[in-house]
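Summary of the model geometry
What follows is the residue order along each chain.
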Amino acid sequence: EIHRCALDQTLLSLMFLGVEKGSGNFLRTLLDPPNQESLAAALLSLRKLGAVSNQDENSNISLTPLGMHLAGIPAPPTIGKVLVMGSILGCRSAALAMATGMSVGRSPFLRMDNRFRSNREEESVEDMRRRHVIEEREELFKSVGNSDHAMLAAVYSKWNNAPKGGGGRKRVCDQLGLAFNGMRDVDQLVRQLDSSLSSAGYVPSSEADRNSNSWRIIRACAVAALAPSHTVRVQRPSTKYAETAEGALEKDGKARELKFFIRSSIGENTQVEGGGSVNTRYHGVPEERVFVHPSSFNFSIGNYACSWLVYHELVRTSKPFLRDATECSAYALLLFGGTLEVQAANGLIVVEGWTRLQANARIGALIGGLRQKMDELLTRKIADPSFDIVNTVEMKLIRSLLVSDGLGQ
């Protein structure tokens, strides 16, 4: 079993118990120890998640304040980080729904054919019902932003808030094309994660959900958990214009014109399984082209305000497909996206050696200070589980930056 599963959650628990220091000494005493490659992959995953760091120059590895909190939640570290970040950013319920969506094996959305007759008068009753469901989905997706993860949070909120009696929840399922049994499975897992999160000191309250309607903050929770390991670069085509009576207007982008790339550790010009290819094409960083899966609500999106996304699941069939994605914002990436390199001369901040953002060097100093303060708050929460992080000045400033993306209220 230990050879088939990712070791990051196991390693995190062992380090929390004090029997493992990240060197693999304890794991090597097992009857069937994991190989060194699996251990190295687990450590790299935890480092990028911000759960472990080098304690000193002798490369001793220790848990960070965030890692201490993640170790107390019986869930994969990525899922745990969604829950912790959602709790301290004031969108706990939405984070529970997003974490559940990343954990369940099957989407609660029923597959819908979006091809219709050109003449609406010729549509059958079933066609009209299907059109109505698709329009309801599109309207809801537009309200949450370009995020499959936030979409599930919005859907679960509507379903959970519907009256249990009188067929209220069944009507929500019919309205949005949801599998009723699938939503019950989601609800069951939400309750399990809710219990685990409460045991870790993040109890439900009005303050813990004060930003439950702020989709910018909710999307930032997904970015915090998935970046930088699961970051996607969006390559836009050159801007096109249309001549109108008022002058030249920029044309709307088309989804098929966008190209998506993930970072790759494979050498350049290498073909990979599933139809992908690796080319050094972005400032010397090897990348692999990927595609948005048709089941994703982002499949038909032609314009992104930010040229960076995050994803949770990638599947390789005829091509490498992203099953889900969330559009990032600049400050979400700066705050949660990985290590920062400030290039003052170029007016750039490079996140994790790949994500490049135009920014003043002073912003890098501000972000570094806020990150340090967040670690201090998490450390205080360890000592005092009743400590309310949500209402601290630092978290209010972070939420303000996420909502406005640094442009002020």
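The structure we're discussing is the one just above.
Structure report, in brief. Everything numeric here is computed off the predicted structure, so don't read it as measured data.

**Some words on the overall build of the protein**
Helices and strands together make up the secondary structure of the protein, namely 13 helices and 16 strands. Its C-alpha radius of gyration of 22 Å places the protein within 12% of the 22 Å reference for a compact globule of 409 residues. Considered along the principal axes of its C-alpha atoms, the protein spans approximately 75 × 55 × 50 Å. Sorting the 409 residues of the protein into buried and exposed places 46% on the buried side.

**What to know about the packing of helix 5 (residues 92-103) against helix 9 (residues 180-199)**
Think of two packed helices as two axes; the pair is described by the angle between the axes and how far apart they sit. In the contact formed by helix 5 and helix 9, the axes pass within 9 Å of each other and the chain directions differ by 120°. Between helix 5 and helix 9, the angle is such that the two are oblique. The element helix 5 and its partner helix 9 pack so that their crossing is right-handed. Counted together, R92, L96, A97, A99, T100 and S103 of helix 5 and V186, L189, V190, L193, D194, L197 and S198 of helix 9 form the full contact between these two elements. Tallied by class, residues from the contact of helix 5 with helix 9 come to eight nonpolar, three polar and two charged.

**Observations regarding the nonpolar core**
Ranked by size, the top nonpolar core spans 111 residues in total, and within it L89, F260, F336, I398 and L402 carry the most contacts. Tallying contributions element by element places helix 10 (residues 215-226) first for this core, with nine residues. Here L89 is in contact with N211, I217, C221, F336, M395, I398, R399 and L402, once residues within four sequence places are set aside.

**Concerning the sheet that holds strand 14 (residues 340-343)**
If you walk across this open sheet you meet the three strands as 14-15-16, and the pairing is antiparallel. The sheet terminates laterally at strand 14 and strand 16 (355-358), the two strands that pair on one side only. Within the sheet, the average angular offset between the axes of one strand and its neighbour, ignoring direction, is 20°. Sheet topology note: the strand 15 (residues 348-351)/strand 16 ladder contains four bridges and is antiparallel. By the bridge assignment, V351 is partnered in strand 16 with T355. Relative to the sheet, helix 12 (residues 361-383) contacts strand 14 and strand 15, its axis offset from that of strand 14 by approximately 155°.

**Some details on a nonpolar patch on the surface**
Residues F16, L17, V19, F26, L30, M68 and I382 make up a contiguous nonpolar surface patch of about 580 Å² in total accessible area. Position of F16 relative to the elements: it lies in helix 1 (residues 8-17). Look at F16 and you get partly exposed, because its relative accessible area is 42%.

**Some words on the pattern of salt bridges**
Under the definition given, this model contains nine salt bridges. Among the salt bridges present, the one from E126 reaches R129, with a minimum N-O distance of 3.0 Å. Here E126 and its partner R129 are both found in helix 6 (residues 125-144), three residues apart, which amounts to about one turn of the helix. Judged by relative accessible area, R129 falls into the partly exposed class, the value being 38%. Among the ionic pairs, K373 bridges to E376, the shortest N-O distance being 3.7 Å. Linking K373 with E376, this pair stays in helix 12, spanning three residues, or about one helical turn. Owing to a relative accessible area of 39%, E376 belongs among the partly exposed residues under this scheme.

**Comments concerning the packing of aromatic side chains**
In the structure shown here, the tally under the stated rule is eight aromatic pairs. Pairing W308 with W354 gives two aromatic rings, centres 5.0 Å apart and planes at 85°, and the pair type is edge-to-face. Here W308 is found in strand 10 (residues 308-310), whereas its partner W354 is found in the loop between strand 15 and strand 16, with 46 residues between them in sequence. By the ring-pair criterion, three or more aromatic residues cluster together here, those being F109, F141 and F297. Here the basic side chain of R169 rests over the ring of W159, its NZ or CZ set 4.1 Å away from the ring centre.

**As for the pairing of strand 6 (residues 259-263)**
Pairing analysis gives four bridges linking strand 3 (residues 231-235) to strand 6, with the strands arranged antiparallel. Within the sheet, the bridge partner assigned to R233 lies in strand 6 and is F261. Looking at chain direction, strand 6 and strand 9 (residues 285-292) are connected through four bridges and run antiparallel. Paired with F260 across the bridge in strand 9 is V290.

**Topic: the environment of K142**
In this fold, K142 is placed in helix 6. According to the relative accessible area criterion, K142 is exposed, its value standing at 69%. Between the C-alpha atoms of K142 and H69, which are 73 residues apart in sequence, the distance is 34 Å.

**Points about the packing of helix 10 against helix 13 (residues 393-404)**
Viewed as axis vectors pointing N to C, helix 10 and helix 13 meet at an angle of 105°, and their least axial separation amounts to 8 Å. In this view, helix 10 runs roughly perpendicular relative to helix 13, as classed from their interaxial angle. In contact with R216, I217 and A220 of helix 10, helix 13 contributes R399, L402 and V403.

Conventions and cut-offs
Residues numbered from 1 in each chain as written. Predicted model: local features only at pLDDT ≥ 70, side-chain atom pairs only at ≥ 80, totals over all residues. Heavy atoms only, no water. Helix = DSSP H or I, 4+ residues; strand = E, 2+ residues; numbered from the N terminus. Rg over C-alpha atoms; globule rule 2.2 N^0.38 Å. Buried < 20%, exposed > 50% of the residue type's maximum accessible area, 1.4 Å probe, protein only. Axes fitted to C-alpha atoms, helices over the stretch in contact; angles between N-to-C directions. Parallel < 35°, antiparallel > 145°, perpendicular 65-115°, else oblique. Left-handed = near helix turned anticlockwise from the far one by under 90°. Contact = heavy atoms within 4.5 Å. Nonpolar A, V, L, I, M, F, W, Y, C, P; charged D, E, K, R; others polar. Core = buried A, V, L, I, M, F, W, Y, C linked by side-chain atoms within 4.5 Å. Pairing = 2+ DSSP bridges. Patch = residues over 30% accessible without salt bridge, like charges linked within 9 Å, V, L, I, M, F, W, Y side chains within 5 Å. Areas by Shrake-Rupley, 256 points an atom, 1.4 Å probe, with all protein chains shown as cover. Salt bridge = Lys/Arg side-chain N within 4 Å of Asp/Glu carboxyl O. Phe/Tyr/Trp six-rings, centres within 6.5 Å; stacked < 30°, edge-to-face > 60°. Lys NZ or Arg CZ within 6 Å of the ring centre and 35° of its normal.

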